[in-house]
Amino acid sequence: MTAEAYGKQKVVYHFSTHLPEKNKNALKFIQNHINAVGEENINVIALVHASAWVILARKKVSEEMAQMIESLVEQGVDFRLCENTRIQHKLDLDHDLVVPVSVAKAGVAELAMLQAQGYAYIKP
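Residues numbered from 1 in each chain as written. Predicted model: local features only at pLDDT ≥ 70, side-chain atom pairs only at ≥ 80, totals over all residues. Heavy atoms only, no water.

J.: Help me understand the overall build of the protein, please; the structure alone is not making it clear to me.
T.: When you go through the protein residue by residue, the secondary structure sums to 5 helices and 5 strands. Moving toward the C terminus, one meets the helices and strands of the protein in the order α-β-α-β-α-β-α-β-α-β. Relative to its length of 124 residues, the protein is compact, with a C-alpha radius of gyration of 14 Å against a globular reference of 14 Å. Over its C-alpha atoms, taken along the principal directions, the protein stretches across nearly 45 × 30 × 25 Å. In the protein, buried positions account for 44% of the 124 residues. (Helix = DSSP H or I, 4+ residues; strand = E, 2+ residues; numbered from the N terminus. Rg over C-alpha atoms; globule rule 2.2 N^0.38 Å. Buried < 20%, exposed > 50% of the residue type's maximum accessible area, 1.4 Å probe, protein only.)

Right under this line is the structure:
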């Protein structure tokens, strides 16, 4: 199937676990999704909250995963961090994270809003 056959897509990937292998696989899924559909045909939001905050934390994430995240951002993926999670873990947006992120007031509220806007929900 060609990329054009998939059409334009809006998707939110939901990250909520600290488990490295699960999160690494989810990042691979995003890359595979972009590869299949085409960077120009997809709008991807990676919503990070709860214990998944570690994938964005400079002092917690592996170099390999940090590079994967940086590559996804370069391809237009919008990583969004739950503000409640940011506050709970005292994360400084300018110094503690591997990439710049958007901030969502509340992760679950953001997910509900995005789904109401027609984003497909994927929970790897």
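J.: Help me understand the sheet that holds strand 3 (residues 78-82) in this model?
T.: Hydrogen bonds between backbone atoms are what pair the strands of a sheet, whose relative direction is either parallel or antiparallel. The sheet built from 5 strands is open, its strands ordered 4-3-2-1-5 with parallel pairing. Looking at strand neighbours, the two that pair on one side only are strand 4 (102-104) and strand 5 (120-122), the edges of this open sheet. For this sheet the average axis-to-axis angle between neighbouring strands, irrespective of direction, equals 30°. Here strand 1 (residues 9-15) pairs with strand 2 (residues 42-48) via 7 bridges, running parallel. (Pairing = 2+ DSSP bridges. Axes fitted to C-alpha atoms, helices over the stretch in contact; angles between N-to-C directions.)

J.: Would you mind showing me how to read empty space enclosed by the protein here?
T.: Rolled over the atoms, a probe as big as a water molecule pinpoints where empty space is left. A full pass over the atoms with the stated rule returns 1 cavity of 30 Å³ or more. Together, His14, Phe15, Ser16, Thr17, Lys22, Asn23, Ala26, Lys123 and Pro124 line the largest cavity. At the level of elements, strand 1 and helix 2 (20-37) are the ones that each hand at least two residues to the lining of the largest cavity. Examining the composition of the lining of the largest cavity, we find that 3 residues originate from one element, helix 2, more than from any other. Classifying every residue of the lining of the largest cavity gives 3 nonpolar, 4 polar and 2 charged. (1 Å grid on protein atoms, 1.4 Å probe; cavity = no way out; pocket = protein on both sides within 12 Å on 5 of 7 lines; lining within 4 Å. Points joined across faces, edges and corners; volume = space filled by probe spheres on them. Nonpolar A, V, L, I, M, F, W, Y, C, P; charged D, E, K, R; others polar.)

J.: What's the story with the environment of Asn32 in this structure? I'm lost.
T.: Note on placement: Asn32 falls in helix 2. The class for Asn32 is partly exposed, based on a relative accessible area of 47%. The spacing of Asn32 and Ser62 is 30 residues in sequence and 20 Å in space, taken between C-alpha atoms.

J.: Mind showing me how you'd approach the nonpolar core here?
T.: Considering soluble globular proteins, one finds that nonpolar side chains tend to be buried as a cluster. Within the largest apolar cluster, 32 residues are counted, with the highest numbers of intra-cluster contacts made by Phe15, Ile30, Leu56 and Phe79. Not counting residues within four places of it along the chain, the set of residues in contact with Ile30 comprises Tyr13, Phe15, Val44, Ala46, Leu72 and Val77. The next biggest cluster of nonpolar side chains, apart from the first, holds 7 residues, and it includes Ala104, Leu111, Leu114 and Tyr119. (Core = buried A, V, L, I, M, F, W, Y, C linked by side-chain atoms within 4.5 Å. Contact = heavy atoms within 4.5 Å.)

The values are spatial; any link to function lies outside them.
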